[in-house]
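Here's the letter readout for the chains.
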Amino acid sequence: MGAMSSQQEEFARRFASDYPFVAHEQALTLHADCLEWMATAPEGSIHAIVTDPPYGVKEYEFEQLEKRSNGNGGVWRIPPSFDGNERSPLPRFTALSDEERLRVQEFFEVWGRLALRVLRPGGHLFLASNAFLSQLVFSALVRSGLEFRGEIIRLVRTLRGGNRPKNAEQEFPDVCSLPRGCYEPWGLFRKPLPPGMTVAECLRIYGTGGLRRRIDGRPFEDVIESERTPQREREIADHPSLKPQSFLRTIIYAALPLGQGIVLDPFMGSGSTIAAAEAVGYWAIGIERHAEYFAMSRDAIPRLAKLNIQEEQLELISL
């Protein structure tokens, strides 16, 4: 990336600790376990968290990711082809046992407490989920102490659900075991404001507490029409749950109410959220424990950040 500027050096000194890192224009990416990093990072230093976690489920264990990359899907579901196009493997969330669901809840309750630790009072958390697991994850985050502030609904047709009963497709041709997914729920949470503090006071003191309005002055809305991730973005970052820049830039923009501060993605993957922050002009920190994805993010972040996203795709946010 070349020599670091004085701002980048100060940013790295404050947040990198002893972890391997890469300094981008206004971002720092670390090869680390987010639980370890969040337990020791400067307390109250993060203005917002925007992340798409793997939920700690079996699909994202090292062994299963290796099977997916080798074409032996393991517990990854290989969807049927449509219109002559082969689709990428999808995680089979319904494969979770009761014990694994309990582990998901326990994990996010612990993780939520660490999110509270690093967030400033009034800082928001945007967390991607799915209709099958959201009730488990969101309730665990509430138990951790975060305020539930609603859901952001990403309208997008997925290939989850809508299948006929397994091994009985011919017997029950008019039945589907789950509805076909047409939306993706993102939980919206906030670190509680200090007792008696108003949003206006929180904005003045901490730069947090609210959400940034769209550039045309209208409120940020909780339903966002979204595309599937374009092929040109998937060619840059081959990650199984890559979200489109058009959507990520929209929610990243809203995450910092005053347009200033630091956005954290503790489950960075190949860096698409960090790229969106770079495109918007925000400072950001990305944490990733998988060496393959951390290495991929080094080149993917600047390439994704430089993509020209059409204005209509960004819900009137001009970047």
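Every value quoted in this text rests on a predicted model; they were computed, and no experiment measured them.

Draft legend 1. Local environment of the overall build of the chain. Regarding its fold elements, the chain presents 10 helices and 11 strands. With 319 residues in all, the chain has 53% of them scored as buried. Partitioning the contacts of the chain with sequence separation of at least 6, the portion at a separation of at least 24 is 73%. Within the structure as shown, the chain displays about 15100 Å² of accessible surface, and the carbon and sulfur contribution to it stands at 48%.

Draft legend 2. Here's a closer look at the packing of aromatic side chains. If you walk through the whole model with that rule in mind, you get 12 aromatic pairs. Aromatic pair Phe-15 and Trp-37: ring centres 6.5 Å apart, planes at 40°, arrangement tilted. Of this pair, Phe-15 sits in helix 1 (residues 6-15) while Trp-37 sits in helix 2 (residues 34-40); the two residues are 22 residues apart in sequence, bridging distant segments of the chain. Residue classification places Phe-15 among the buried positions, given a relative accessible area of 2%. Looking at Trp-37, the relative accessible area reads 2%, which means it is buried. An aromatic cluster of at least three residues, connected via ring pairs, comprises Phe-11, Phe-15, Trp-37 and Trp-283. The ring of Phe-247 has Arg-154 lying over it, and the distance from NZ or CZ to the ring centre is 5.5 Å.

Draft legend 3. Region of interest: unusual backbone geometry. Residues other than glycine seldom take positive phi values, yet Ser-17 does so here, at roughly 55°. Within the secondary structure layout, Ser-17 lies in the loop between helix 1 and strand 1 (21-23).

Cut-offs applied
Residue indices begin from 1 for each chain and proceed along its sequence in written order. The predicted nature of this model means local features are confined to residues of pLDDT at least 70 and side-chain atom pairs, given and counted, to a pLDDT of 80 or more, with totals for whole chains, interfaces and linings taken over all residues. Think of the side-chain values as coming from all heavy atoms in the structure, minus any hydrogens and water. Labels follow the DSSP assignment, with helices taken as runs of H or I lasting at least four residues and strands as runs of E lasting at least two, numbered in each case from the N terminus. Throughout, exposure labels follow a simple rule: accessible area from a 1.4 Å probe, protein chains only, divided by the maximum for the residue type, with under 20% read as buried, over 50% as exposed, and the rest as partly exposed. For this analysis, residues touch if any pair of their heavy atoms sits within 4.5 Å. Here the open area of atoms and residues is found with the Shrake-Rupley method and a 1.4 Å probe, where only the protein chains shown may cover a residue. Two rings belonging to Phe, Tyr or Trp (six-membered ring only in the last case) form a pair when the distance between their centres is within 6.5 Å. Interplanar angles under 30 degrees mark stacking, angles over 60 mark edge-to-face geometry, and anything in between is tilted. Over a ring means this: the NZ of a Lys or the CZ of an Arg is within 6 Å of the ring centre and within 35 degrees of the ring normal.

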